[in-house]
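A closer look at the structure
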Amino acid sequence: MKYNISDFSDGRSWRFTYDRPVIGLDLGSRASKGVLLTENFIFAKNIPTGLYMQETADELIGKLLELADMKRRDIGFITSTGYGRIVLSFEDVPFSVVTEISCHAMGAHALYPETRTIIDIGGQDSKAIKVDKETGKVLDFVMNDKCAAGTGRFLEKAAVLLGITLEEMGTMALNATNPANISSQCVVFAESEMISLRAKGAKANDGDAVANIAAGIHYSAARRVNNLLGRVGNEPALIFTGGVSNNPGMRHVLEELIGSTFTTTEFDMIYAGALGAAIYATQQAKNEPTAEADLSDKQPEITEHIQQLIEREQEAFIDKSDGRKKIGYLCAYTPQEILNAAGVGHSRIFKAGDHETVAAGELYTQSVFCDFTKSCIGGFVQGDPFYKAIDKLYNFHTCASMKRATELIEEFVPTKLLNLPKIRDQESSRQFFREEIHEFKKDLSELIGNEISDSDIHRQIIAYNKVRKLIKNISELRKRDNPPISGKEFIELTKAFYYVPPEKLIGIYTELYNKLSAVNDTGARPLRIMISGSIAADGDRRILDILENEMKVKVVVEDHCTGLKPFCNTIDETGDPLLALANGYLDQAPCARMKTLEDNVNFAGQLAQEYSVDGVLYIYLKFCSCYGITKKPFIDHFQELNIPVLDLSGDYSNSDHGQIKTRIEAFIEMIQSKRSESNEYITV
């Protein structure tokens, strides 16, 4: 296809060109689209996505060059987007990657500057995007999760079951007289419903019946997409992009459900992402090169020594040659002071992050348990040597899933479940928790055969307070414009708190704090991110790797129970040590399970403001009964504070890695765009 740019400029000056032709590639899961942009023309081409993305890209570039009658040496810049963008490389042409969310926004904006809202439905995902009509930059977006409902793949599957082509299904849906009620938005369950409807009399040659099922399928998919749109809001002009945008049946039912019509142009909107990529190519070609801050000389070797220390403690825990009892515990509300006063080896049980351990645990649970719960069980099922060394497991339970996990783990090691009061601010709660801690102490004393004295507990309160203060002080160095420690490095420091006794940590953390304090706070300010929500298990570093290794941003603070959160308060070092522990642990930054929830929400907002974050990732495990259910108050509060927030639901599989990375990339691009418009430069 060849388009004349003057057809879309409406007398306006087209500002999206470069002095050399550029190419934008949108490599999708089903089809790959390309745009070659010159001063006067837009050349567009699409081909099926092959097995190897680089070969698909090279083939697409060849067809674009043929269409435009150009040579490869004529191209000044290439930008790619879509699922295949990250595996491409071009040695002969300058190259960049941009997320499809940003590219669809920019492409629609270039064609119709009044664009405010976009629905993009592709082969494997669907998105609702809010656009700044002045710049074409993304203001907000929502993307479907791993489920295929509401995507092109959902429609393809339905067409196969109906024995018609995808194109026929879209047209037939317009002729429906009584659309079938396909209630499920799940591909698998919807398939069952379609089979059932066919069995009730809808034959392949029964046009009316098949049309009704086709319409029902479109409504089922459209409802899912409309839910996404409801989360970002619908402001005109509304544009439909992506591979499904040419489906007349989907366009019709979406307009009916939304209550407004899509703005149309002569340009085929399956190319919106590729056009946006080409426009980004013009912008980046004009601004080459982009310098990134070199912080390598500022980073002392932080984690190596800590990791070696943890490994030695784990080896000693497994070895048992010291004759000490070995205790495991599941929750950050467990008073470690009593464990250390008892002279036992102790460790928090929070290793997780791989799907094999999840699968092992799922043999004992329902699928609606979160992957962390399954992993805690799975470690025992697999016979992990560290878990096999445990003589007894304690749990001051917070959520129902972990309570059930404790009961299941009883099959492998002795366990004791203790109660944690939900209501923090009542005197009766504190007295009750003191009695539970006393029961914990009593049970532990019986296990080791010795009394645990108040004086020993008091000494451990002082020791653990020192470690908490050091961790908090190290974290506060991250309030600098250029933090001397990364988020991943900080998480390794807090991890040691749960494996290594305080007497071994005090000297190490003191030395580390002194070294980090001496690092100069110089250079450009990086983009600053806060992570809030569910536990970041020992072994679950995927989000941190994407943010800091791939996106080159800094995680400067964590509002979760394995990050900074448990170290913001200390325990009273006077009076009854059990009551001091009860008060101290109830007064620590609360879990979302605790009441009132407002305390947790306000703490998260305060932390974000103290650390001057540019955005928040609110992350929760699927089926998390604490942070999944309560996410809305957190998100609303961050938005009230004018802090951009992205909520991510995930598990420990790798199947959603590409989608999660895409969402994070788009979120970072959105924040960077807002900051650059306010003339605040941030390196990414």
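The shown structure was predicted, so the numbers you read here are calculated from the model rather than taken from an experiment.

A count of helical and extended segments in the chain gives 24 helices and 18 strands. For the chain, the C-alpha atoms occupy an extent of roughly 85 × 65 × 45 Å along the three principal directions. By the burial criterion, 57% of the 684 residues in the chain qualify as buried. If you sum the accessible surface of the chain, you get close to 27,400 Å²; carbon and sulfur atoms cover 48% of it. Within the chain, the 95 negative side-chain charges are centred at a point lying 2 Å from the centre of the 76 positive side-chain charges.

With that settled, consider the nonpolar core. One finds Phe-372 and Tyr-509 to be the most contacted residues of the largest nonpolar core, which totals 104 residues. Top element by residues in this core is helix α17 (residues 454-476). It accounts for seven residues.

Quick look at the pattern of salt bridges now. One pass over the structure, following the stated rule, counts 45 salt bridges. Of the charged contacts, one joins Asp-26 and Lys-33 as a salt bridge, the two residues approaching to 4.0 Å between their closest N and O atoms. Of the two residues, Asp-26 and Lys-33, both sit in the buried class. Its salt-bridge partner being Arg-478, residue Glu-558 comes within 2.7 Å of it at the nearest N-O pair. One end of the pair, Glu-558, is in strand β16 (residues 554-559); the other, Arg-478, is in the loop between α17 and α18 (487-497), and 80 residues separate them in sequence. Taken individually, Glu-558 and Arg-478 each receive the classification buried, so the pair is uniform in this respect.

Counting through the fold element by element, Thr-334 comes out in the loop between β11 (326-329) and α11 (336-341). Taking relative accessible area as the criterion, Thr-334 reaches 1% and is therefore assigned buried. Reaching out from Thr-334, the side chain makes a polar contact with the backbone oxygen of Cys-331 at a distance of 3.0 Å. Once residues lying within four places of it in the same chain are set aside, the contact partners of Thr-334 are Tyr-329, Leu-339, Phe-396, Phe-440 and Tyr-585.

Before going further, it helps to spend a moment on α18. Among the eleven residues that make up α18, ten are buried, leaving the element largely enclosed by the rest of the structure. Regarding α18, the residues found buried are Gly-487, Glu-489, Phe-490, Ile-491, Glu-492, Leu-493, Thr-494, Lys-495, Ala-496 and Phe-497. Contacts from the buried residues of α18 go to α10 (303-319), α11, α17, α19 (502-517), α20 (542-550) and β16.

Overall, mixed pairing links the four strands, which are arranged β9-β8-β7-β10 in an open sheet. The two strands at the open ends of the sheet, each matched to only one other strand, are β9 (138-143) and β10 (238-241). In this sheet, adjacent strand axes meet at a mean angle of 20° when their direction is disregarded. Across five bridges, strand β8 (residues 126-131) lies against β9 in antiparallel orientation. In the strand pairing of β9, Val-131 is matched with Val-138.

When two helices pack together, their arrangement is given by the angle between the helix axes and by the axis-to-axis distance. Between helix α12 (residues 355-362) and helix α13 (residues 371-381), whose axes approach to 6 Å, the crossing angle comes to 80°. Between α12 and α13, the interaxial angle falls into the category roughly perpendicular. Seen from α12, the contacting residues are Thr-357, Val-358, Ala-360, Gly-361 and Glu-362; seen from α13, they are Asp-371, Lys-374, Ser-375, Ile-377, Gly-378, Gly-379 and Val-381. Partitioned by chemical class, the residues of the contact of α12 with α13 number four nonpolar, five polar and three charged.

Here the focus is the packing of α10 against α18. Viewed as axis vectors pointing N to C, α10 and α18 meet at an angle of 25°, and their least axial separation amounts to 10 Å. Classified by the interaxial angle, the pair formed by α10 and α18 is roughly parallel. Viewed along their axes, α10 and α18 form a crossing whose handedness is left-handed. Residues Thr-303, Ile-306, Gln-307 and Ile-310 of α10 pack against Glu-489, Glu-492, Leu-493, Lys-495 and Ala-496 of α18. In terms of residue class, the contact of α10 with α18 is built from four nonpolar, two polar and three charged.

With that settled, consider the sheet that holds β16. Within the open sheet, the four strands sit side by side as β16-β15-β17-β18. Their pairing is parallel. Taken across any chain shown, the strands that pair with only one partner, and hence form the sheet edges, are β16 and β18 (645-650). Taken pair by pair, the neighbouring strands of this sheet meet at an average axis angle of 25°, ignoring direction. In terms of strand pairing, strand β17 (residues 615-621) meets β18 through six bridges, oriented parallel. Bridging across to β18, Tyr-620 finds its partner in Ser-649. Those strands touched by helix α22 (residues 597-610) are β15 (528-533), β16 and β17, and its axis lies near 155° from that of β16.

The rules behind the values
Residues numbered from 1 in each chain as written. Predicted model: local features only at pLDDT ≥ 70, side-chain atom pairs only at ≥ 80, totals over all residues. Heavy atoms only, no water. Helix = DSSP H or I, 4+ residues; strand = E, 2+ residues; numbered from the N terminus. Buried < 20%, exposed > 50% of the residue type's maximum accessible area, 1.4 Å probe, protein only. Areas by Shrake-Rupley, 256 points an atom, 1.4 Å probe, with all protein chains shown as cover. Lys, Arg positive; Asp, Glu negative; His and termini not counted. Charge placed at Lys NZ, Arg CZ, Asp CG, Glu CD. Core = buried A, V, L, I, M, F, W, Y, C linked by side-chain atoms within 4.5 Å. Salt bridge = Lys/Arg side-chain N within 4 Å of Asp/Glu carboxyl O. Polar contact = N/O pair within 3.5 Å; in protein donor to acceptor, adjacent residues only side chain to side chain. Contact = heavy atoms within 4.5 Å. Pairing = 2+ DSSP bridges. Axes fitted to C-alpha atoms, helices over the stretch in contact; angles between N-to-C directions. Parallel < 35°, antiparallel > 145°, perpendicular 65-115°, else oblique. Nonpolar A, V, L, I, M, F, W, Y, C, P; charged D, E, K, R; others polar. Left-handed = near helix turned anticlockwise from the far one by under 90°.

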